Amino acid sequence: MRKEGTLPSGPHIDVRSPVDASTAGCELRDVLNRVGDKWSVLVMALLAEGPLRYSELHRAIDGISQRMLTLTLRSLERDGLVDRTVTPSSPPRVEYALTSVGATLSLEVSSLMRWADGHRQYVAASRLRYDATHK
């Protein structure tokens, strides 16, 4: 029987990519890809409010699959932006929280979210105008 917030057992999903010793495998483009993808931004924004369990994150992010949330959390953990804490209990309690570096990024993510929220109607209207003239 599965525990809440876990995926059915299956093949292990490896989020690691080869590491180049000359750049420690972390080029600027790689960092921007991680912090700029839509799921990472949403997870970071939610964790800015405090630690959350997997199931709480999953409920709060409309449209994210369990697999994508798991991959996103693993990648953010690997990049040192999110900590995963397992509290021994029955069932075990797993919480995710921003690291101190993740919290500094969260400030920037919050600015981006505010901008997006304040300009979404403008962007939607611009798309309609563009689509109407470029059929």
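Above this text you will find the structure in question.
Treat the numbers as computed from the prediction; the structure is a model and nothing was measured.

The rules behind the values
- Residues numbered from 1 in each chain as written.
- Predicted model: local features only at pLDDT ≥ 70, side-chain atom pairs only at ≥ 80, totals over all residues.
- Heavy atoms only, no water.
- Helix = DSSP H or I, 4+ residues; strand = E, 2+ residues; numbered from the N terminus.
- Buried < 20%, exposed > 50% of the residue type's maximum accessible area, 1.4 Å probe, protein only.
- Axes fitted to C-alpha atoms, helices over the stretch in contact; angles between N-to-C directions.
- Parallel < 35°, antiparallel > 145°, perpendicular 65-115°, else oblique.
- Contact = heavy atoms within 4.5 Å.
- Nonpolar A, V, L, I, M, F, W, Y, C, P; charged D, E, K, R; others polar.
- Expected span 1.5 Å × (residues − 1).
- Bend = angle between axes of the 7 residues up to and from the residue.
- Salt bridge = Lys/Arg side-chain N within 4 Å of Asp/Glu carboxyl O.
- Pairing = 2+ DSSP bridges.

Peer 1: With reference to specific residues and values, describe unusual backbone geometry.
Peer 2: Across the junction of Ser90 and Pro91, the peptide omega takes the value 0°, indicating a cis bond. As for its placement among the helices and strands, Pro91 is situated in the loop between β2 (82–87) and β3 (93–98).

Peer 1: Help me get a handle on the environment of Val31, residues and values and all.
Peer 2: Within the fold, Val31 resides in helix α1 (residues 28–36). Judged by relative accessible area, which is 34%, Val31 ranks as partly exposed. Sequence separation between Val31 and Asp79 is 48 residues; the distance between their C-alpha atoms is 8.5 Å.

Peer 1: Pulling in residues and values, what's your account of the packing of helix α2 (residues 38–47) against helix α4 (residues 66–78)?
Peer 2: For any two helices packed against each other, the geometry comes down to the angle between their axes and how far apart the axes lie. Packing of α2 against α4 leaves a shortest axis separation of 10 Å and a crossing angle of 75°. As summarised for this structure, α2 and α4 are arranged roughly perpendicular, according to the angle between their axes. Note on element contacts: α4 touches α2 through Met68, Leu69, Thr72, Leu73 and Leu76, opposite Trp39, Ser40, Val43 and Met44. Its residues assigned to classes, the contact of α2 with α4 shows 7 nonpolar, 2 polar and no charged.

Peer 1: Any chance you could break down helix α5 (residues 100–133) for me, citing the residues and the numbers?
Peer 2: Given a rise of 1.5 Å per residue, 34 residues ought to cover 50 Å, and the 47 Å separating the end C-alpha atoms of α5 matches this to within 8%. Remark: the principal bend of α5, roughly 55°, maps to His119. At its buried positions, α5 is contacted by α1, α2 and β3.

Peer 1: Would you mind going over the pattern of salt bridges in detail, with residue names and values included?
Peer 2: Tallied over the entire structure, the rule returns 3 salt bridges. Two residues, Glu95 and Arg93, come together in a salt bridge whose shortest N-O distance is 3.0 Å. Relative accessible area serves as the criterion here: at 34%, Arg93 is assigned to the partly exposed category. We note a salt bridge from Arg120 to Asp117, for which the minimum N-O separation is 3.1 Å.

Peer 1: Describe the sheet that holds β3, naming the residues involved and giving the relevant values.
Peer 2: Hydrogen bonds between backbone atoms are what pair the strands of a sheet, whose relative direction is either parallel or antiparallel. Reading across from one edge, β1-β3-β2 is the order of the 3 strands in this open sheet, with antiparallel pairing throughout. Taken across any chain shown, the strands that pair with only one partner, and hence form the sheet edges, are β1 (52–53) and β2. Where β1 and β3 come together, 2 bridges link them in antiparallel fashion. Each residue of the ladder has a partner; that of Arg53, found in β3, is Glu95. Lying over the sheet, α2 contacts β1, β2 and β3, oriented at roughly 100° with respect to β3.

Peer 1: Quick rundown of the packing of α2 against α5? Include the residues and the values.
Peer 2: Packing of α2 against α5 leaves a shortest axis separation of 9 Å and a crossing angle of 110°. The angle between α2 and α5 places the two elements in the roughly perpendicular class. Residues Val41, Leu42, Met44 and Ala45 of α2 lie in contact with α5, whose contacting residues are Gly102, Leu105, Ser106, Val109 and Met113. Class assignment for the residues of the contact of α2 with α5 results in 7 nonpolar, 2 polar and no charged.

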